[in-house]
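What follows is the residue order along each chain.
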Amino acid sequence: MTPSALNAFRRKLTDCELAVYVDLESRTVLSSDGALHFPQEYLDALCACAADLLASGPKREGPVEHVLFLSPTGSRMFFRNLAEPNEALCCICAAEVAVGTLIDTARAALAGEDPAE
Amino acid sequence: MNDFERLKAMLRRSARDGMARPGPVRYASWSEGLARILEQVDVAVLGRRLSFEFDDGSRLACEASGRRLVRLLTPPPPGLTAEQMALFDRDELAFDDVRAVSVLFRGLCERGAGFAMTAEPLGEGGGQVRGGVDPTAISEAAGLPGEASPGRGEGTGHEALLEGLRPLLQAVVLIQGADSSLVLGEGDEAAFVVDWVESSLKELLSPGFPLLGTLETNGLLVFALPERSGRHLLVAGRRGNLLVAAIKHCDVEATVDLWRRTCQGNPA
């Protein structure tokens, strides 16, 4: 996902504070776009969470497609790129984010962009 | 100074300006006193050292950061039990300490009808904590009015969540500390969830997992599986207990909505 695609994705969602595209295998942040400047350690921690969560599904069911983490103070969402299973889109959103809209927008963004570009 | 450092400096200045000044706080009941203490923890986004001197002369100092009570500072006030004294030896308080902390605070508030309070900022690094306990959890453990009563299994929110999911539940496992037990389900579906908990989930939910504290306090984790599996998985935390469930169909949005209604009091 290019930085411009990540920016376009985040701008479609008023509740999204940060979007990060990561490589799950190498646990590397590939790109990020946020309303504020987030320090690299923060992005790295989010990337590690994505790698751990998306690897924690039941092995016999196939790869986990996305993981949603919600709390009273915020939401963190992790979407595997189904075309490139070792890559994922992570975002931090408000607690009351519309989950259905977010999932649809994330899936459309991941499907509409060739990650190799 | 980059943008992030400027923001941190601004927040720190703001925290200092808005800090509670030394002075008496009066309360009509222990629960009101406890609520006033927890208010101070809840607004401590950046690290703060909070000190309370109660009517009977007892003093308590603690550190709060990230809106959590991180540690109690020595010397402890007189008249504590061994369990309460042990809280002062902790490098960081953990969820298992919630009940003892709530009893300690209640006892101190019951010693009088007021306290004098001071708050001062901690230095750099005061905002970076992994442990600590959530003031809401302390409040709930103390059974404050308007909160779920303690000692009722995983709590009313979880009971309502399970009730709402009942027609779709395949299996449910309850994790309490190191122990897990199957509370609903049988056959392959039960074996599937138990195997998942033992083979992957317990490893994920180790103390090193940065979201564990938030999840255990009142959080939700939903795993969306491929459509062919015909189910999704949920881990809901409340007061240190974790409820793990396999749910028929793949509509994770409906599950999140139900959790918000039952465990968050949010109609959205």
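What you are looking at is a predicted structure, and each value in this text was computed from that prediction instead of being measured. (Residues numbered from 1 in each chain as written. Chains lettered and ligands numbered in written order. Predicted model: local features only at pLDDT ≥ 70, side-chain atom pairs only at ≥ 80, totals over all residues. Heavy atoms only, no water.)

Comments concerning the overall build of chain B
Next, step 1: Along the backbone of chain B there are nine helices and 10 strands.
Next, step 2: Among the 268 residues that make up chain B, the fraction classed as buried is 49%.
Next, step 3: Nonlocal contacts in chain B, meaning residues at least 24 apart in sequence, comprise 57% of its contacts between residues at least 6 apart.
Next, step 4: With an accessible surface of roughly 12300 Å², chain B has 49% of that area assigned to carbon and sulfur atoms. (Helix = DSSP H or I, 4+ residues; strand = E, 2+ residues; numbered from the N terminus. Buried < 20%, exposed > 50% of the residue type's maximum accessible area, 1.4 Å probe, protein only. Contact = heavy atoms within 4.5 Å. Areas by Shrake-Rupley, 256 points an atom, 1.4 Å probe, with all protein chains shown as cover.)

Focus on the interface of chain B and chain A
Next, step 1: Taken together, the contacts link 35 residues of chain B with 31 residues of chain A.
Next, step 2: Interface area for chain B against chain A, summed over the two sides, is near 2700 Å², with a carbon-plus-sulfur share of 67%.
Next, step 3: Looking at the side of chain B facing chain A, the largest losses of area belong to Leu-211, Ala-224 and Arg-260 of chain B, adding up to 19% of the total buried there.
Next, step 4: Put simply, chain B and chain A have one salt bridge between them.
Next, step 5: Two residues, Arg-231 of chain B and Glu-61 of chain A, come together in a salt bridge whose shortest N-O distance is 3.1 Å.
Next, step 6: Put simply, chain B and chain A have eight residue pairs in polar contact (both at pLDDT 80 or more) between them.
Next, step 7: Listed by contribution, the elements that provide at least two residues to the side of chain B that touches chain A are helix 1 (3-17), helix 7 (187-204), helix 8 (212-218), strand 8 (220-224), strand 9 (231-238) and helix 9 (252-263) of chain B.
Next, step 8: When grouped by side-chain class, the residues that make up the side of chain B that touches chain A number 20 nonpolar, seven polar and eight charged.
Next, step 9: Bridge count between strand 3 (residues 66-71) of chain A and strand 8 of chain B: five bridges; the pairing is antiparallel. The partner of Phe-69 of chain A across the bridge, within strand 8 of chain B, is Leu-221 of chain B. (Buried area = accessible area lost by both parts, 1.4 Å probe. Salt bridge = Lys/Arg side-chain N within 4 Å of Asp/Glu carboxyl O. Polar contact = N/O pair within 3.5 Å; in protein donor to acceptor, adjacent residues only side chain to side chain. Nonpolar A, V, L, I, M, F, W, Y, C, P; charged D, E, K, R; others polar. Pairing = 2+ DSSP bridges.)

Describing the pairing of strand 1 (residues 16-23) of chain A
Residue and element names in this part refer to chain A.
Next, step 1: Burial of strand 1 is extensive: seven of the eight residues sit out of reach of the surface.
Next, step 2: Where strand 1 meets strand 2 (residues 28-34), six bridges bridge the pair, whose relative direction is antiparallel. Each bridged residue has a counterpart across the sheet, and for Leu-18 the counterpart in strand 2 is Gly-34.

What to know about the side chain of Asp-33 of chain A
Residues and elements named next belong to chain A.
Next, step 1: Relative to the assigned elements, Asp-33 resides in strand 2.
Next, step 2: By relative accessible area, Asp-33 is classed as buried at 13%.
Next, step 3: Side-chain polar atoms of Asp-33 contact the side chain of Arg-10, separated by 2.5 Å.
Next, step 4: Discounting residues that sit within four places of it in the chain, Asp-33 has contacts with Leu-6, Asn-7, Arg-10, Glu-17, Leu-18 and Ala-19.

Considering the packing of aromatic side chains
Residue and element names in this part refer to chain B.
Next, step 1: Throughout the structure, instances matching the rule amount to five aromatic pairs over all chains.
Next, step 2: Judged by centre distance (5.8 Å) and plane angle (45°), the rings of Tyr-27 and Phe-115 are tilted. Taken together, the residues Tyr-27 in the loop between strand 1 (23-26) and helix 2 (30-42) and Phe-115 in strand 5 (residues 114-121) connect sequence positions 88 residues apart.
Next, step 3: The buried category is assigned to Phe-115, whose relative accessible area is 2%.
Next, step 4: Ring plane angle 65° and centroid distance 5.5 Å describe the contact between Phe-54 and Phe-115, whose orientation is recorded as edge-to-face. A residue pair is termed long-range when its members are at least 10 positions apart, and Phe-54 in strand 2 (residues 48-54) and Phe-115 in strand 5 qualify at 61 residues. Note on accessibility: Phe-54 and Phe-115 belong to one class, buried.
Next, step 5: When the ring centre of Phe-192 is taken as origin, the NZ or CZ atom of Arg-231, which lies over that ring, is 3.7 Å away. (Phe/Tyr/Trp six-rings, centres within 6.5 Å; stacked < 30°, edge-to-face > 60°. Lys NZ or Arg CZ within 6 Å of the ring centre and 35° of its normal.)

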